[in-house]
Structures are given as structure tokens and as C-alpha cells.
Amino acid sequence: MASRKLSHSVIALLVICLSSVPSAGRFAAASSEGADTVLKLTALRVEYKENPLGIDAREPRLSWQIQTNGRGVMQSAYHVRVARSERDLHEGRNLVWDSGRISSDESAHCPYKGSPLQSGQRYYWQVRVWDANGAASEWSDTAHWEMGLLNAADWQASWIEPDLSEDPKKSNAAPMLRREFQINGVVERARAYVTSHGLYEVHLNGQRVGDQLFTPGWTSYKKRLQYQTYDVTNLIKSGANAIGVTLGDGWYRGFIGFGGQRNFYGEHAALLLQIKVTYKGGREEIIGTDAKWKAATGPILMSEIYHGETYDARLEKPGWTNAGFADGQWSGIRVASYPKDNLIAPAGPAVRRIEELKPIKVFKTPAGETVADMGQNMVGWVRLKVQGAAGTTVTLRHAEVLDKAGDFYTANLRAAKETVQYTLKSGGLETYEPHFTFQGFRYVSVAGYPGEVTPESITGIVIHSDMTRTSEFETSSQPINQLQHNIIWGQKGNFLDVPTDCPQRDERLGWTGDAQVFSRTAAFNMDVAGFFTKWLKDVAADQFENGSVPHVVPNVLGTRPTGQPGGSAAWADSAVIIPWNMYLTYGDKRVLEEQYDSMARWVEYERARAGDDYIWSGDFHFGDWLAFATNRADYPGATTSKDLIATAFFAHSTDLLQRAAQVLGKRNDAERYAELLAKIKSAFCREFVTETGRVGEATQTAYALALQFDLLPESLRAVAAKRLANEVRTRGHLTTGFVGTPYLCHVLSRYGYLDEAYLLLNRDQYPSWLYPIKQGATTIWERWDGQKPDGTFQDKSMNSFNHYAYGAVGDWMYRVMAGLEIDEAAPGYKHILVQPQPGGGFTRVKVSHQTPYGKASSAWEIKDGEFVLAVEIPPNARATVRLPKAQLANVTESNQALSNGNGITSARQEGYAVIVEVRIHGTSN
Ligand code: BGC
């Protein structure tokens, strides 16, 4: 048994011929060999995390994946057991939860239902499963999770603030706080729980605690402030210990938002930290922030999210985080009385250093600057290696692009300085990285460097939220592969604890519209479940009293720029659309449950603003932001009215809310919102649609919204789609902005205009997705024409070269081109629809995605007139495969005629397509 290879997934190879070419027959799938099914459980997760430390979900959800030698394996039941120690777990004693055998085919998000979980307690767990034929797995390997501090009263430490003289109007030198303590006894385990106002970095006995960056993260601080939990057992020693914490201004009190705003959340940096030490024998001791701490400043003279860092290494205080350091000259601290009932454990991933890049060249610009080219527009910072006389200052400036002349270009950074200054201390080799700032850049200008700058001197440190990559996507077209690369880098650059619009200018805010537009693409590329679970709670926390949703979350703009509270169509609708996208992608009902109130409040706000005629008119909206030619007299038709957009999104959010209500069993709400939806739709048609299927100003965005959101009566859909297709063909390009772009190709392919969708995708003249690629882009641009063909730039006041919004076309590439689609009736890829739509001259498209059940893939190739599709479906999921332009008789699977059995339950002709059900012994059909 041990020698048998366990494949994670079922492989089916389907071969069909295109049009009239007769197909060859092949069939070469893994077979179950008629032997016993082997089930092995892997990828045990708790709340999406592997063995998490410090969570606060009271009913954490457990997930696992099945590996098997058989094809088409489905789980029929599971059994979970949970204990406080591994020994109890394995002996089945003192279990805090013994689920017994639960009949269920669910292996994702199975909620813990045992006795109440306790603060700081670690829990060990295992699972076993049965397949549909009654074959059982062994107990899985042991996994664990540990609870954080669940109650405000668990915090025995006090908030403290450094008692330093500071000017609140300016950037401050970063405070350093320290304290020594004694450990008397043998330590069995030690945990540190830490949060701050501002950002923090902790050292214990000279060693950095953890590898997380930008802690405690960015949330709606007054209502929700994250703390982190660290295992510090190995850092604590018996005898004298010292702990040292550096605080950065960060989002809390640094410059954030426009116009030089600072101190948005408060003027003072503060720290709350407690270490719980458990000695052998069970004695416990808590060391925390209290009146005994001392404060000073040191080498970090300035560190700001936007502006960079000024660091004078001569001011370092060697040994300050070790015991025995003389802190007699240090100032004291003030004990503060900030609340603790807003403290929460992080639901999302931590920000970390993820990868390193070396410059592809170092060169002199025409203006004479020494510049390193990282070869990639990236987000993070530079690790500098330098040797020179103490007191020498090296200045690093950062830029995304070079101008037409090849000179360093920073005008598009607006007020953000993105400047790092390092002053040397020693004469020896010095290595330095900044602390509480990040830069968006491809180019680094280096001034004051002693000696020659070489690629050795500079390393690009790429940082972002540590999301697992869940996809691969590749085609026969190099430019499209580069587009996918740029989409991924847009995500890397802008998922830094919150989803931001851009990572370089004085903005970097959680713009709701951008996140909405990109969320589904993002969820395909990486595991963003925890990331959005966290951010959506801030959406709800920052929602205005009247239900309106801010333009940015966390909301540091208040009611700017309009003077009214948020409420822009397509931006504020993120409160509904993103939870729905997370539900679809991960099958996560809890996110719907927890966001439901917020979703409904937003729809009620829309209803109130729209009033009795269900047309939402007159309010402020961003509209189809940055659409092609909005200002051009020669394309007046490219402007879509804001009333139309607002009413369309009102309908769409109502529709999704109605569906969410159904999922959650809220029947009255589901009915109520279905009725509301019908009214909005008929109002929309009355107001914006002619009897001949013309929608609004007949723009691409108007058609895209009306068709994507199913706002038109059946009788008008085909004709409206035809009008859209004509419009696309006539122009030969897209005219859409942030709002219409994500839907354009979807609507075209859905209504049979695949060629037009591919035309848009493959176009490489402005405006198009590939135009920036022709210009050498390595990320997605904010504007279709950030840099013009003649090398000049768009308006410097708004011209980011790393804005993920237009990367939303990824969603079409994965779901339609490659054809890996979700069935809304069985979300989270429980039922996978494989339905590629080849075209556009592509000969090969390959996609894979790590679903909650394991890897699914769809890879097609056109070779010698044959269409070959390789499909991979994970165990415990099923699939329906749709082969376009196929004749049943010509379809083969792994070299044999299609036949039922070994995972295939049926195959049938449906018009010009062949439908193959890939599934799974033991179920009802
Ligand atoms: C941001 C956008 C955002 C917009 C609002 C801009 O400054 O960068 O991406 O959505 O404002 O329209």
C-alpha cells in the first residue's frame, strides 16, 4: 500500500476535433487499477491558516484535502477530534471535541463545535474521512491552532507612551522603548502579545521577534486594532532578559491621505505588550508594558510610509535590546488609558519580505545620475551594502519610470518623497534596510555613494501580505503571458495589509472601487480569503451611520473629496460585491453571514438615495473612472452617464444581496430584495433602454453593465449585445474605464462575440491591455496611456504605473479563455465547470488553480487540427466539462471512446458542444 502512488487529483484527457476534421481517439488516464482506494489527508487548515498562532474565531473552521489513488473520490463522512495535548488526542482522552462520524461531503470550512475555546490555549486536532464506498482514511497527521487573547481582561499590561518631546506637526524620530526583566526557573513556553499605535518592531535579547512587517497592520484603529502573537520560548533565557521595541509613525500618526494630513488616528505613538511565561510545573508569569519602561530616540530620525527614511547609523545604541545596557539617561514613559476592547487577532496574512531582486543594470542617466534598474516595477525597499567613512550620507531616491530623455522621473509621485538617506557609522562594511516605509519603484537613484555602485550594492526587497500563490496561467502568446505577469505584480505591489490603489504616490489608500474591480482576479491568483475577510470588517466598521460606504477603507478621508459621506457607485458596492466574490471562490458562507448586515445597509442606502422611481440620480459618483476619451470631443459617446452606472450597480448589489439572503436561508429578505430588484430593472429599462435595445449613451460600458447584470428583458439582450459588438468592431478598441472594463470581454463572449473579445485582448495599440506591454510595462498602469507612444507622460497629478484595476481582465482569461469556472450552486469549486473558449489565434492556454479541494486545471492545445484538453479535478470535487464545437462520436478520452465509468458519469451532445460529467462513484446518478 505504501508504495502505491497517490495522485492528488483525477486526470482526464479529452481529445476532440475541431469542426469537420475527424478526431483521433486516445485514452490514457490514471486508473484505479481495481485496487482498494487509498485516502490520505493533507493540507490541514484552520481559518485558512496552517497551524495558526493567536486566532480569535470562537468556532474556527477546519479544512483538509484528500489525496487518493482512485479517480472520482468523494467524501461521505468525516470525524474530527480535538484535545489540549497531543497525547490526549492520540489516546482519545479528555477530548474538547469529538465530532463523531458526521455524514458530509464537505472538507472545507467545517466548524469546530466543541466546548468553549480558551484564551492562549493550544488545541491539537486530527481528522479522518470515509469515501462514498465506505473506505476509510487513517487519522490525519496532527495539526494545531492556538487561541489569542479573547477578552479585554486578558490584557494585564498597560498601554504606555514614550515621554519624549515631539512636534506633532512633523515626522518624529522613532521612539525606542525598553525594559529588563528576570526569569527565575525553567521556561516551558513563552508567548508575546503585541500591538501599538503606530508601527512596531520588537527585539528580545538582541534578536528580532518574528518576521512580520508593518505590524500591527492597518485597520479602522479606533474600532479594530490588531495584535500579534509570537512564540518567544526560544528567545527567553533564565536570568536577566531585555526587551526593546521601536515605534514608527505609520498610518496611525504619519502622513496619510492628501494635503499633508498627519495624526489621523492620534498624536502619540503607544505600545501595549505582554509576555506570558509558563514555567515547567505550570507556574505562570506576565511581563508587560508598565511604568518601568524607558524611552529614547536613536538612529531612525524619520520614517514615513510615503516619504522614506532618514537613518543615521552613528546614533545607534548598540546592545539596547540586551540586558545590562545602561539606560540611565533615557526618559520615562506615560501610562495611558487607551481601550483594550477593540483588540482583535489578525484574520489575514502578515506582511513579510517575500522575494529579492538584483538590479539588471546600473547606469548613468543623461542628467548624470547614477541609477540602478531593478528590471521590475516593485514594492518594498532597497537593502544597501556600503563601505566608507563614518558620517558619509548615501541618498536613495525611487522612481517607477524614466522620462523620454532617459532621466529619472518622480513628478508622478506627487508629494511622496520616496527618499531614503543612510549615514554611515564605521568604515567597515555596513548593510542597511529601512523600517517603517515602503517604496514603489523600478529605478533607484544613488547619490553620495562612496566608491562605485554595483549590482552588489543594491538588493530590491519585495514585501507584501504573505498570500499563497494559487494559480498558474500560461498561453502561446508571449505578450499575454507578460500581461499575466503584470497582473500578478500589480497584486504583489498593492496587497500590503489593505488593498491599495497604488503603492508609490502620496495616496496608497484602500480605495474601495479598485478593490471591487480586481477582487475576483485577485482571488484566483492568490489566497486572499483572510486578507479580504479582515478588510471587509473594516468596510463594515467604517460604514457611515446612514449605510453609505467610504471611498477608502480604512477611511482616512472622512467625507473628502465631496463633503458627502462616500457612496460612489461601483466603489461603495464593494461592500456587497467582494463578500459575494469571496463566497464564490472559497465557498465561505461565514463571510456572507458576517458581512450581511453591512451589505444590506449599503443596499438600503442606495434605495433611499434612489427614491420612489428607483433611478439613482444626481449624487456624486466617480463614474467610469479614467475611461478612454472621456475628455475627447471626437468620442463623445464614450462617456457613460453616472445615473446609469449608479442605477445599474444599485440593481447589481440588490441582486447579490438577494442571492446572499437565499444562501443564508433568510427567505423574507430574499423575497423582499428580489421584488426590489425587479422594480429597479424595470425602472432602468424605462429610463435608459430603448425598444430597439439601445442602452443609455450606447457606450461599451452602458451595454456591458446592462448585460452583465441581466438588467434587460430577454427579448432585448441579443440585440443589445449585437450593438455592443458592432461598437467594438467599429472602434476597433475598448472605450471603458474602471467600471466597464472588468465586464466587457465577459459580456462579449457570453453573447457569442468571442472574436470581438479576443480582438480587444490581443490589440496592442493604445488603448488596450497590451499597449503598456509594448512600452515595456512590468505592472498594470492606472491609465490606458500613462506613457504616450512618443514617450511623454499623462497628467503627472494622477499617473501611477502600478494600479491593479485594469488587471481585472485576468478574470476573463482564467474563466473564459482557459475555462476554469465556478458553479454558483456549488461554490468554492465544489462543482467545477471546465468550459474553455478557444480563439484569438491562441494555440495553447493552460491554467491551474489551488481550490479548497486541491489543484484543478484546464489546459488546452490545438495541434494538427485537434483540440486537446487536459483536465485535472481534485478529489471531493466534481466537474462538468464542456467541449466547444465537438461531435460526441469524435471525442475520446485518453485514447478511448468516451464511456461511463472511472470517474466519467455521462457524456452528451448539446448543440455544438459535448458535455462530459466528471464524477464520482457512489453518488445518486
Ligand atoms: C485613485 C483611484 C481611485 C480614485 C477615485 C484615485 O486617486 O488612485 O484608483 O479609485 O482616486 O476615483
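Quick summary incoming for the structure in this document. Keep in mind that what you see is a predicted model, and the values were worked out from it rather than measured.

### Observations concerning the overall build of the protein
The number of helices and strands found in the protein is 15 helices and 48 strands. Here the C-alpha radius of gyration of the protein, 29 Å, is about what a compact globule of 925 residues would show, namely 29 Å. Viewed in the frame of its principal axes, the protein has a C-alpha envelope of about 85 × 75 × 60 Å. The buried share of the protein, taken over its 925 residues, is 62%.

### Brief notes about the site of the ligand
Taken together, the neighbourhood of the ligand is formed by Asp 501, Arg 505, Glu 507, Trp 511, Asp 514, Trp 571, Phe 622, Trp 625, Phe 738, Glu 782 and His 803. A distance of 2.7 Å is found between an oxygen atom of the ligand and a side-chain nitrogen or oxygen belonging to Asp 501. Note that an oxygen atom of the ligand is positioned 2.6 Å from one of the side-chain N or O atoms of Arg 505. Burial of the ligand by the protein amounts to 96% of the accessible area it has alone, namely 310 Å². Among the residues making up the shell around the ligand, the classes are represented as five nonpolar, one polar and five charged.

### Here we look at the side chain of Gln 261
Inspection of the secondary structure assignment puts Gln 261 in the loop between α2 (250-253) and β19 (270-279). Overall, Gln 261 belongs to the buried group, its relative accessible area being 19%. Residue contacts for Gln 261: discarding those within four places in its chain leaves Gly 254, Phe 255, Ile 256, Val 556 and Arg 560.

### Thoughts on the sheet that holds strand β8 (residues 110-111)
In spatial order, the strands read β2-β4-β8; together these three strands make up an open sheet with antiparallel pairing. If you trace the sheet from one side to the other, it starts and ends with β2 (39-46) and β8, each paired once. In the sheet, β2 pairs with strand β4 (residues 61-68) via six bridges, with the strands oriented antiparallel. Along β4, the bridge assignment pairs Val 46 with Leu 62.

### So, the pairing of strand β47 (residues 904-910)
Within a regular beta strand, the side chains point alternately toward one face of the sheet and then the other, so they alternate between its two faces. Here β47 pairs with strand β48 (residues 913-918) via six bridges, running antiparallel. Bridged to Ala 907 within β48 is Val 916. With antiparallel pairing between neighbouring strands as the criterion, β47 and β48 make up a hairpin whose turn holds two residues, including Gly 911 at a positive phi of roughly 65°.

### What about the sheet that holds strand β40 (residues 831-834)?
Sheet strands pair by backbone hydrogen bonding; their relative direction is either parallel or antiparallel. Reading across the sheet, the five strands line up as β39-β40-β44-β48-β47 and stay open at both edges, with mixed pairing between neighbours. Of all the strands in the sheet, just β39 (820-822) and β47 have a single pairing partner and so form its edges. Sheet twist, expressed as the mean angle between neighbouring strand axes with direction ignored, is 20°.

### Description of the pattern of salt bridges
All told, the structure shown has 61 salt bridges when counted by the stated rule. Two residues, Arg 178 and Asp 327, come together in a salt bridge whose shortest N-O distance is 2.7 Å. A residue pair is termed long-range when its members are at least 10 positions apart, and Arg 178 in strand β12 (residues 175-183) and Asp 327 in the loop between β23 (308-312) and β24 (333-336) qualify at 149 residues. Residues Arg 178 and Asp 327 agree in their burial class; the two are buried. Glu 782 is paired through a salt bridge with Arg 505; the nearest N and O atoms lie 2.9 Å apart. Here Glu 782, found in the loop between α14 (770-774) and α15 (810-817), pairs with Arg 505, found in the loop between β38 (498-499) and α4 (512-525); they are 277 residues apart in sequence, far enough to count as distant. Across this residue pair, the class does not change: Glu 782 and Arg 505 are buried. Beyond isolated ion pairs, a larger network of salt bridges with shared partners links Arg 122, Glu 146, Arg 189, Arg 191 and Asp 231.

### Brief notes about helix α8 (residues 642-663)
Residues spaced three or four apart along an α-helix point in a common direction, a consequence of the helix completing one turn every 3.6 residues. Across its 22 residues, α8 extends 31 Å between first and last C-alpha, which sits within 8% of the 32 Å expected from 1.5 Å per residue. Across the 22 residues of α8, 17 count as buried, placing the element largely inside the fold. Positive phi appears at Gly 665, one or two residues downstream of α8, with a value of about 75°.

### Some thoughts on helix α3 (residues 478-494)
Helix length check: α3, at 17 residues, gives a terminal C-alpha distance of 24 Å against a target of 24 Å (1.5 Å per residue), a fit within 8%. For α3, the tally of buried residues reaches 12 of 17 residues, placing the bulk of the element in the interior. Every buried residue belonging to α3 is among Ile 480, Leu 483, Gln 484, Asn 486, Ile 487, Ile 488, Trp 489, Gly 490, Gln 491, Lys 492, Gly 493 and Asn 494, and all of these are buried. A side-chain oxygen of the first residue of α3 lies 3.2 Å from the backbone nitrogen of Ile 480; this N-cap is Ser 477.

Definitions and cut-offs
- Residues numbered from 1 in each chain as written.
- Predicted model: local features only at pLDDT ≥ 70, side-chain atom pairs only at ≥ 80, totals over all residues.
- Heavy atoms only, no water.
- Helix = DSSP H or I, 4+ residues; strand = E, 2+ residues; numbered from the N terminus.
- Rg over C-alpha atoms; globule rule 2.2 N^0.38 Å.
- Buried < 20%, exposed > 50% of the residue type's maximum accessible area, 1.4 Å probe, protein only.
- Near = heavy atom within 4 Å.
- Polar contact = N/O pair within 3.5 Å; in protein donor to acceptor, adjacent residues only side chain to side chain.
- Areas by Shrake-Rupley, 256 points an atom, 1.4 Å probe, with all protein chains shown as cover.
- Nonpolar A, V, L, I, M, F, W, Y, C, P; charged D, E, K, R; others polar.
- Contact = heavy atoms within 4.5 Å.
- Pairing = 2+ DSSP bridges.
- Axes fitted to C-alpha atoms, helices over the stretch in contact; angles between N-to-C directions.
- Salt bridge = Lys/Arg side-chain N within 4 Å of Asp/Glu carboxyl O.
- Expected span 1.5 Å × (residues − 1).

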